[in-house]
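# Observations on the three-dimensional arrangement
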Amino acid sequence: MIRLEKVRVLFNQGTALEKVVLKNVSLAIEEGEVVTVIGGNGAGKSTLLNVLTGDINISQGRIFFEKTDVTRWPAEKRASMVARVFQDPLVGTCGSLTVEENLALAFYRGKNLGLGFALSLENRKAFVTFLERLNLGLEKRLKDPIGLLSGGQRQAISLIMAVLAPMQILVLDEHTAALDPRTAAFIIQLTRNIILEKNLTVLMVTHSMHQALEVGNRTLMLTEGEIVFDVKGRERSKLKEDDLLRLFKEVVHKTGEEDEILLNS
Ligand SMILES: Nc1ncnc2c1ncn2[C@@H]1O[C@H](COP(=O)(O)OP(=O)(O)O)[C@@H](O)[C@H]1O
Ligand SMILES: [Mg+2]
């Protein structure tokens, strides 16, 4: 189980720009739970993910991965526990390295081994197998710099890279938001397949109400740094996209957070 206990995040502490971005957020994610997160612009969604990855220091509270208190662990130390895919396909991959070099780096995330070692013949074969399954012809492009691929191809590889090494939780930050609707749908299908196959625990931020209900088994809404809605099980299965949208509009309207949601995508 991954547990946040009364987590508070402040930016620009002690200055006139001080802002509370997460207020006392408590959240327990069970093993195998796939949680989607929605919320207006600036609600604190990415911050919540950054808290898990260790990219942001929290001001108060505790973070546990199983029984281990990782509150003060930096991102490098959590690298073998958390995997991540970003919104921008350019961020999660290194454009000047080849497809196979990117995969090799991902394979050894959190371990201290050289790239040469990671590019063993055996691993190369494994990479080909992963890529073949995407049906994008990428298995023939192992030696191409990844920067030559399209956003969708790159995001598909980012996803595969994220799950190459074992982890306790996968975090996805609007990982289809930069893609056209068809490519986004492809990446979502790929995401669902990978989650199922590997039985992953996931926290997925999305601005699509459709994705929020289509993917996973639990949905959270974050507003002004607070979880205002947390639904799973039967209650969630009864929920329609329209219900979620209505709720979202109500909440966002109250706070004045910009609403950037997408319907049917
Ligand atoms: N490094 C930072 N310094 C100061 N403010 C930040 C920083 N990162 C994010 N914020 C602010 O924190 C709030 C929440 O940001 P974020 O978690 O990125 O929101 P979301 O992902 O929900 O759109 C926003 O108001 C944003 O401007
Ligand atoms: Mg964000």
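Relevant structure appears above.
Conventions used here
Residues numbered from 1 in each chain as written. Chains lettered and ligands numbered in written order. Predicted model: local features only at pLDDT ≥ 70, side-chain atom pairs only at ≥ 80, totals over all residues. Heavy atoms only, no water. Near = heavy atom within 4 Å. Polar contact = N/O pair within 3.5 Å; in protein donor to acceptor, adjacent residues only side chain to side chain. Areas by Shrake-Rupley, 256 points an atom, 1.4 Å probe, with all protein chains shown as cover. Helix = DSSP H or I, 4+ residues; strand = E, 2+ residues; numbered from the N terminus. Nonpolar A, V, L, I, M, F, W, Y, C, P; charged D, E, K, R; others polar. Buried < 20%, exposed > 50% of the residue type's maximum accessible area, 1.4 Å probe, protein only. Pairing = 2+ DSSP bridges. Contact = heavy atoms within 4.5 Å. Axes fitted to C-alpha atoms, helices over the stretch in contact; angles between N-to-C directions. Parallel < 35°, antiparallel > 145°, perpendicular 65-115°, else oblique. Left-handed = near helix turned anticlockwise from the far one by under 90°. Expected span 1.5 Å × (residues − 1). Phe/Tyr/Trp six-rings, centres within 6.5 Å; stacked < 30°, edge-to-face > 60°. Lys NZ or Arg CZ within 6 Å of the ring centre and 35° of its normal.

Close to ligand 1 lie Phe11, Asn12, Lys19, Val21, Gly40, Asn41, Gly42, Ala43, Gly44, Lys45, Ser46 and Thr47, which account for all nearby residues. In this structure, an oxygen atom belonging to ligand 1 sits 3.0 Å away from a side-chain N or O atom of Lys19. Protein burial of ligand 1: of its 560 Å² of free accessible surface, 63% is covered by the chains. Elements supplying a minimum of two residues to the shell around ligand 1: strand E2 (19-29) and helix H1 (45-53). If you tally residues by element for the shell around ligand 1, the top one is H1, at three residues. Taken together, the residues of the shell around ligand 1 break down into three nonpolar, seven polar and two charged.

This next bit is on the pairing of strand E3 (residues 34-38). Most of E3 is tucked away, with five of its five residues classed as buried. The alternating pattern of E3 places Val34, Thr36 and Ile38 and Val35 and Val37 on opposite faces, both of which are buried. As judged from the four bridges shared by E3 and strand E8 (residues 202-205), these two strands associate in the parallel manner. Counted as the bridge partner of Thr36 is Met204 from E8. Bridge count between E3 and strand E9 (residues 218-223): four bridges; the pairing is parallel. By the bridge assignment for E9, Val35 is matched with Arg218.

So, about the side chain of Gln153. As for its position among the elements, Gln153 is in helix H7 (residues 151-162). If we skip the residues at most four places from it in the chain, Gln153 touches Leu136, Leu138 and Arg141.

Attention now goes to unusual backbone geometry. The backbone phi angle of Asn24 is positive, close to 45°, even though this residue is not glycine. Summarising the element assignment, Asn24 is placed in strand E2. For Glu66, which is not glycine, the phi dihedral falls at a positive 55°.

With that settled, the discussion passes to the packing of helix H4 (residues 99-107) against H7. Where H4 meets H7, the closest approach of the two axes is 8 Å, and the angle between their N-to-C directions is 30°. Taken together, the axis directions place H4 and H7 in an arrangement best described as roughly parallel. Remark: the crossing between H4 and H7 carries right-handed chirality. On H7, the residues touching Val99, Asn102, Leu103 and Ala106 of H4 are Ile157, Ile160 and Met161. A per-class count over the contact of H4 with H7 returns six nonpolar, one polar and no charged.

Further remarks concern H7. The end-to-end C-alpha distance of H7, which contains twelve residues, comes to 16 Å, matching closely the 16 Å that a straight helix rising 1.5 Å per residue would cover. Of all twelve residues in H7, eleven are buried; the element is thus mostly enclosed.

Right, let's get into the packing of aromatic side chains. Per the counting criterion, the structure on display carries zero aromatic pairs. Across the ring face of Trp73, the terminal group of Lys77 is positioned such that the distance to the ring centre comes to 4.2 Å.

Attention now moves to the packing of H7 against helix H8 (residues 181-198). For the pair H7 and H8, the least separation of the axes is 10 Å and the interaxial angle reads 10°. Viewed along their axes, H7 and H8 adopt a mutual orientation that is roughly parallel. Here H7 runs over H8; the crossing is right-handed. Counting all contacts with H7, which are made through Gly152, Gln155, Ala156 and Leu159, the residues of H8 involved are Thr183, Phe186, Ile187, Leu190, Thr191 and Ile194.

What follows concerns the side chain of Gln155. Looking at the secondary structure, you find Gln155 in helix H7. The buried category is assigned to Gln155, whose relative accessible area is 1%.

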